[in-house]
Protein chains: 2
Amino acid sequence: MRGATTASPCPLYHDAVELIGRRWTGAIVAVLLETGPLRFRQIAQAVPDLSDRLLAERMRELETRGLVTRTELEVGVEYALTEMGRDLEAAVTELRAWARRWLAR
Amino acid sequence: MRGATTASPCPLYHDAVELIGRRWTGAIVAVLLETGPLRFRQIAQAVPDLSDRLLAERMRELETRGLVTRTELEVGVEYALTEMGRDLEAAVTELRAWARRWLAR
């Protein structure tokens, strides 16, 4: 019988989707992957329609989860992906390719 | 100067992250990818902690966006991924692999 034994999704995968899928987080990770380390202002410019308050919240969460490092500079703050964050490149690349195949007009 | 030209994330990719990353949607897609077509009840069992109301909303959204088809059966309703939905397999596989590498204790 089809679907008689239904596999639950891997809880680690579910956690990953919830983390990266949070509003704006996927976009922030993509910008850091493409451009390299960035200051807060530069991320804010690259991801428009995102308030500073929400961006700060997202960056704090990415730092807490170990995906980015935060370095205080003489002026401002710089964020960079950790090895864990950079390792998302394959997933981001696949999702971007899917989006281009299916979401373009 | 590092980061002087900051690429904005592809809007199609952003749309894809927002779509798949919506709470529970990534898990629902993963279950359908792994198991094949499923009835509403079976999806509800496979993705615990998700209310019927919210699951119905997510399935409606996936149907509207063209990722699943909805077929009325004599008893109940069956959902199946479309070609567009199945084509997410590579992205889901990469994200699952990342989750296993980095989110396991």
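Residues numbered from 1 in each chain as written. Chains lettered and ligands numbered in written order. Predicted model: local features only at pLDDT ≥ 70, side-chain atom pairs only at ≥ 80, totals over all residues.

### Looking at the overall build of chain A
Okay, so step 1: Broken down by element type, chain A carries six helices and three strands.
Okay, so step 2: For chain A, the N- to C-terminal ordering of α and β elements is α-α-β-α-α-β-β-α-α.
Okay, so step 3: Relative to the globule expectation of 13 Å for 105 residues, the C-alpha radius of gyration of chain A, 16 Å, shows a markedly less compact shape.
Okay, so step 4: A principal-axis box enclosing the C-alpha atoms of chain A has dimensions of 65 × 35 × 25 Å.
Okay, so step 5: For chain A, with 105 residues in total, the buried portion stands at 35%.
Okay, so step 6: For chain A, restricting intrachain contacts to residue pairs at least 6 apart in sequence, the fraction spanning at least 24 positions comes to 47%. (Helix = DSSP H or I, 4+ residues; strand = E, 2+ residues; numbered from the N terminus. Rg over C-alpha atoms; globule rule 2.2 N^0.38 Å. Buried ≥ 20, exposed ≤ 12 C-beta atoms within 10 Å, placed from the backbone. Contact = placed C-beta atoms within 7 Å.)

### Comments concerning the packing of helix α1 (residues 11-21) of chain A against helix α2 (residues 25-35) of chain B
To describe two helices that pack against each other, one gives the angle between their axes and the distance between the axes.
Okay, so step 1: Contact geometry of α1(A) with α2(B) gives a least axis separation of 8 Å together with a crossing angle of 140°. On the basis of the axis angle, α1(A) is oblique to α2(B). Crossing of α1(A) against α2(B): the hand is right-handed. Touching A:Y13, A:H14, A:V17 and A:G21 of α1(A) are B:G26, B:A27 and B:A30, all from α2(B).
Okay, so step 2: Considering only residue class, the contact of α1(A) with α2(B) consists of four nonpolar, three polar and no charged. (Axes fitted to C-alpha atoms, helices over the stretch in contact; angles between N-to-C directions. Parallel < 35°, antiparallel > 145°, perpendicular 65-115°, else oblique. Left-handed = near helix turned anticlockwise from the far one by under 90°. Nonpolar A, V, L, I, M, F, W, Y, C, P; charged D, E, K, R; others polar.)

### Notes on the relation of the copies chain B and chain A
Okay, so step 1: Between the two copies, chain B and chain A, the superposition gives an RMSD of 0.0 Å; the rotation angle is 180° and the shift along the axis is 0.0 Å. Here the transformation between the copies is reduced to the relation of a two-fold axis. In terms of C-alpha distance to the rotation axis, chain B has B:G21 as its closest residue, with the C-alpha 1.8 Å off the axis.
Okay, so step 2: Most of the interface of chain B is mirrored in chain A, where 100% of its interface residues again form contacts. (Least-squares fit on C-alpha atoms with pLDDT ≥ 70 in both.)

### Quick look at the environment of B:L54
Okay, so step 1: Tracing the chain through its elements places B:L54 in helix α4 (residues 52-64).
Okay, so step 2: Each C-alpha atom, one on B:L54 and one on B:W24, is 8.9 Å from the other, the two residues being 30 residues apart in sequence.

### Comments concerning the sheet that holds strand β3 (residues 77-81) of chain B
Two orientations exist for strands paired in a sheet by backbone hydrogen bonds: parallel and antiparallel.
Residues and elements named next belong to chain B.
Okay, so step 1: Here we have three strands laid out as an open sheet, ordered β1-β3-β2, and antiparallel in their pairing. A strand with exactly one partner marks an edge of an open sheet, and here the two such strands are β1 (38-39) and β2 (68-72).
Okay, so step 2: Judged from the five bridges that link them, β2 and β3 form a sheet pairing that is antiparallel. Residue pairing in the sheet places V68 in a bridge with L81 of β3. (Pairing = 2+ DSSP bridges.)

### Overview of the confidence of the model for chain A
All names here are of chain A.
Okay, so step 1: Mean pLDDT over chain A stands at 91; residues scoring 70 or higher make up 92%.
Okay, so step 2: Per-element confidence in chain A is highest for helix α5 (residues 83-86), whose mean pLDDT is 98, and lowest for α1, whose mean pLDDT is 90.
Okay, so step 3: Scoring the predicted complex yields pTM 0.88 and, for the interface, ipTM 0.89. (pLDDT = per-residue confidence, 0-100.)

### Description of the interface of chain B and chain A
Note on interface size: it is often stated as the accessible area lost on association of the parts.
Okay, so step 1: With 47 residues of chain B in contact, the opposing surface of chain A contributes 47 residues.
Okay, so step 2: Among the elements of the structure, α1 (11-21), α2, β1, α3 (40-46) and α6 (89-102) of chain B are those that each provide at least two residues to the side of chain B that touches chain A.
Okay, so step 3: In terms of residue count, the dominant contributor to the side of chain B that touches chain A is α6(B) (ten residues).
Okay, so step 4: Within the side of chain B that touches chain A, the residues separate by chemical class into 25 nonpolar, ten polar and twelve charged.

### Structural notes on the nonpolar core
Okay, so step 1: Formed by 56 residues in total, the largest nonpolar core has its most connected members in A:L95 and B:L95.
Okay, so step 2: When neighbours within four sequence positions are excluded, A:L95 is seen to be in contact with B:Y13, B:A16, B:V17 and B:A91. (Core = buried A, V, L, I, M, F, W, Y, C linked by C-beta atoms within 7 Å.)

### A few points about α6(B)
All names here are of chain B.
Okay, so step 1: Here α6 spans 20 Å end to end across 14 residues, near enough to the 20 Å set by a 1.5 Å rise per residue.
Okay, so step 2: Those residues of α6 that sit buried are A91, V92, L95, R96, W98 and A99. End-on view of α6: buried residues confined to an arc of 160°, all on one side of the axis. (Expected span 1.5 Å × (residues − 1). Arc of directions from axis to C-beta.)

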